[in-house]
Amino acid sequence: MKASVLVSMQKIELREVEIPRLAADEVLVRISAVGVCGSDTHFYAEGHIGDMVVRESLILGHEAAGCIVDAGREVPRERIGQRVSIEPQRPCRTCVYCKRGQYNLCIDMRFYAAPPVDGAFAEYASIPADFAHPVPDTMSDEASALIEPLSVAIATCRKARITAGSRVLVAGAGPIGLLVSRVARIFGATEVIVSDPSEYRRRFALNGWATAANDPITEPSAVTSPLVDAFVDASGAPTAINQGVHAVRPGGKVVLVGMGAEEVELPVSLIQNREIELTGVFRYTDTWPLAIELAASGSVALDQLVTHRFGLDDVEAALKHAGRNPEAVKSVVIP
Ligand SMILES: [Zn+2]
Ligand SMILES: [Zn+2]
């Protein structure tokens, strides 16, 4: 099959590689669409994310959808032909975290495009059958792929305990910030303020995603009064994180989901005095069924996020484009 392979830092080649061999519990998916994610751009540009380091050639891409074309011997044959959204992880199912139901924290996880596991910028990919979630025919291939970032947003809003009447501040109007804003409203938030320095992104956010949009540079005070119930950082920018924590009410929540600076300064006594709960989000557990419902019902307009499309032979351009252009909200690769 053809695959787009990261052969070394900042170098991608279209190569002919073996089609993945199926384990007994896996299905083979002919990939129809793959979203380009910030983490792909990071691996491409920097060769690592935290302590996950690319040492050998790697196929990137983890926001994938397609059609099942083959199945391992334990999988019912009638699954062949189903259109699916791929939950791109294979937990061990036996470690203490898997047993606790927090399989995103599995100590022996194999996750698409996290070295050394190959991802989905390819014609085919394999996945355990129960992580290939069927989607309705009304859902586009691209929306089926974007169930992955929608899942991140659902996991984030659950962590932030967003509920009826919540007021929420979201830093960063990229795909994750937009999806968090939308899901927060679905969870009952009455006010969702997104802050982003790009005017294009702020306008984009006001088209059905957030209820208000601020420029954190020219109107920083607008985002701190009155205090919010939850702050979600989807920007990874140290100033935005610091400003956001200051905007949270006593007993409120902070969830860090953005990728950027690996270390930032935090207002410790403010966090103590207000008893603010601060946490990160690492992928997701049990989000696909809800994400598919929300997309299929039209509650989340995933197709609206797609601004650019690239072929499998053009993944490098897609990664470069996504990395530096605020008007590229979501790029999708069509293998
Ligand atoms: Zn992603
Ligand atoms: Zn495990």
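Residues numbered from 1 in each chain as written. Chains lettered and ligands numbered in written order. Predicted model: local features only at pLDDT ≥ 70, side-chain atom pairs only at ≥ 80, totals over all residues. Heavy atoms only, no water.

J.: Hey, could you go over the sheet that holds strand S17 (residues 248–256) for me, with residue numbers and the actual values?
T.: A sheet is described by the order of its strands in space; here six strands give the open sequence S15-S14-S13-S16-S17-S18, paired in parallel fashion. Edge positions in the open sheet fall to strand S15 (212–214) and strand S18 (277–280), since each of these has one partner strand only. If you compare each strand with its neighbour and ignore which way they point, the axes differ by 20 degrees on average. Here strand S13 (residues 167–171) pairs with strand S16 (residues 228–233) via four bridges, running parallel. Counted as the bridge partner of Ala171 is Asp233 from S16. The sheet contacts of helix H4 (residues 147–159) involve S16, S17 and S18, and relative to S17 the element is tilted by about 155 degrees. Its contacts with the sheet put helix H7 (residues 238–246) on S13, S16 and S17, and the angle it makes with S16 is roughly 170 degrees. (Pairing = 2+ DSSP bridges. Helix = DSSP H or I, 4+ residues; strand = E, 2+ residues; numbered from the N terminus. Axes fitted to C-alpha atoms, helices over the stretch in contact; angles between N-to-C directions. Contact = heavy atoms within 4.5 Å.)

J.: Report on the pairing of S17, specifying residues and quantitative values.
T.: Sheet topology note: the S16/S17 ladder contains five bridges and is parallel. Bridging from a neighbouring strand, Val228 pairs with Val248 of S17. Handedness of the S16-H7-S17 crossover: right-handed. With respect to chirality, the unit in which S17 leads through helix H8 (residues 268–273) into the neighbouring parallel S18 is right-handed. (Right-handed = clockwise from strand over helix to strand, strands pointing away.)

J.: An account of the pattern of salt bridges is needed here, citing residue identities and associated values.
T.: Counted under the stated rule, the structure contains 14 salt bridges. Here Glu13 and Arg15 are joined by a salt bridge, their closest N and O atoms 3.1 Å apart. Of the charged contacts, one joins Lys330 and Glu63 as a salt bridge, the two residues approaching to 2.9 Å between their closest N and O atoms. Of this pair, Lys330 sits in strand S20 (residues 330–334) while Glu63 sits in strand S7 (residues 63–71), placing them 267 residues apart in sequence. Judged on exposure class, the residue Lys330 and its partner Glu63 are both buried. Several salt bridges share partner residues, and in doing so they unite Lys11, Glu13 and Arg15 into one network. (Salt bridge = Lys/Arg side-chain N within 4 Å of Asp/Glu carboxyl O. Buried < 20%, exposed > 50% of the residue type's maximum accessible area, 1.4 Å probe, protein only.)

J.: Lay out the coordination of the zinc ion (ligand 1) with the relevant residues and their values.
T.: Around the zinc ion (ligand 1), the protein supplies Cys37 (SG), His62 (NE2) and Glu63 (OE) as donor atoms, at distances of 2.2 to 2.5 Å. As a motif over one chain, the donors of the zinc ion (ligand 1) read C-x24-H-E. With Cys37 in the loop between strand S3 (26–35) and helix H1 (38–46) and Glu63 in strand S7, this pair connects stretches of sequence that are 26 residues apart. Comparing Cys37 with Glu63, the two get one shared label, buried. (Donors = N, O, S within 2.8 Å, 3.2 Å for Na, K, Ca; no water.)

J.: Quick one: what's the story with a nonpolar patch on the surface, residue by residue and with numbers?
T.: A cluster of nonpolar side chains, namely Leu266, Val268 and Leu278, defines an oily patch on the protein surface of about 230 Å² accessible area. Turning to its location among the elements, Val268 is positioned in helix H8. (Patch = residues over 30% accessible without salt bridge, like charges linked within 9 Å, V, L, I, M, F, W, Y side chains within 5 Å. Areas by Shrake-Rupley, 256 points an atom, 1.4 Å probe, with all protein chains shown as cover.)

J.: Explain the environment of Glu293 to me, and be specific about the residues and the numbers.
T.: Following the sequence through the fold, Glu293 ends up in helix H9 (residues 288–296). Considered as a pair, Glu293 and Cys37 are 256 residues apart in the sequence and their alpha carbons are 22 Å apart.

J.: Requested: an account of the packing of H4 against helix H5 (residues 175–186), with residues and values cited.
T.: The axes of two packed helices give the description: the angle between them and the distance between them. Contact pair H4 / H5: the axes reach a minimum separation of 8 Å and the direction vectors enclose 55 degrees. Between H4 and H5, the interaxial angle falls into the category oblique. The handedness of the crossing between H4 and H5 is right-handed. For the pair H4 and H5, contact is made by Pro149, Leu150, Val152, Ala153, Ile154, Thr156 and Cys157 and by Ile176, Leu179, Val180, Val183 and Ala184, respectively. Tallied by class, the residues present in the contact of H4 with H5 amount to 11 nonpolar, one polar and no charged. (Parallel < 35°, antiparallel > 145°, perpendicular 65-115°, else oblique. Left-handed = near helix turned anticlockwise from the far one by under 90°. Nonpolar A, V, L, I, M, F, W, Y, C, P; charged D, E, K, R; others polar.)

J.: So what's going on with the sheet that holds strand S6 (residues 58–59)? Which residues, and what values?
T.: Strands sit in the order S2-S1-S6 across an open sheet of three strands; the sheet is antiparallel. This sheet does not close on itself; its edge strands, each paired only once, are strand S2 (11–16) and S6. As paired strands, strand S1 (residues 2–8) and S2 are joined by six bridges and run antiparallel to one another. Across the sheet, the residue bridging to Ser8 is Lys11, located in S2.

J.: I'd like a description of the coordination of the zinc ion (ligand 2), backed by residues and values.
T.: Coordination sphere of the zinc ion (ligand 2), protein contribution only: Cys92 (SG), Cys95 (SG), Cys98 (SG) and Cys106 (SG), at 2.3 to 2.4 Å. Cys92 sits in the partly exposed class, given a relative accessible area of 24%. You can call Cys106 buried: its relative accessible area is 8%.

By themselves, these observations are geometric and do not establish any function.
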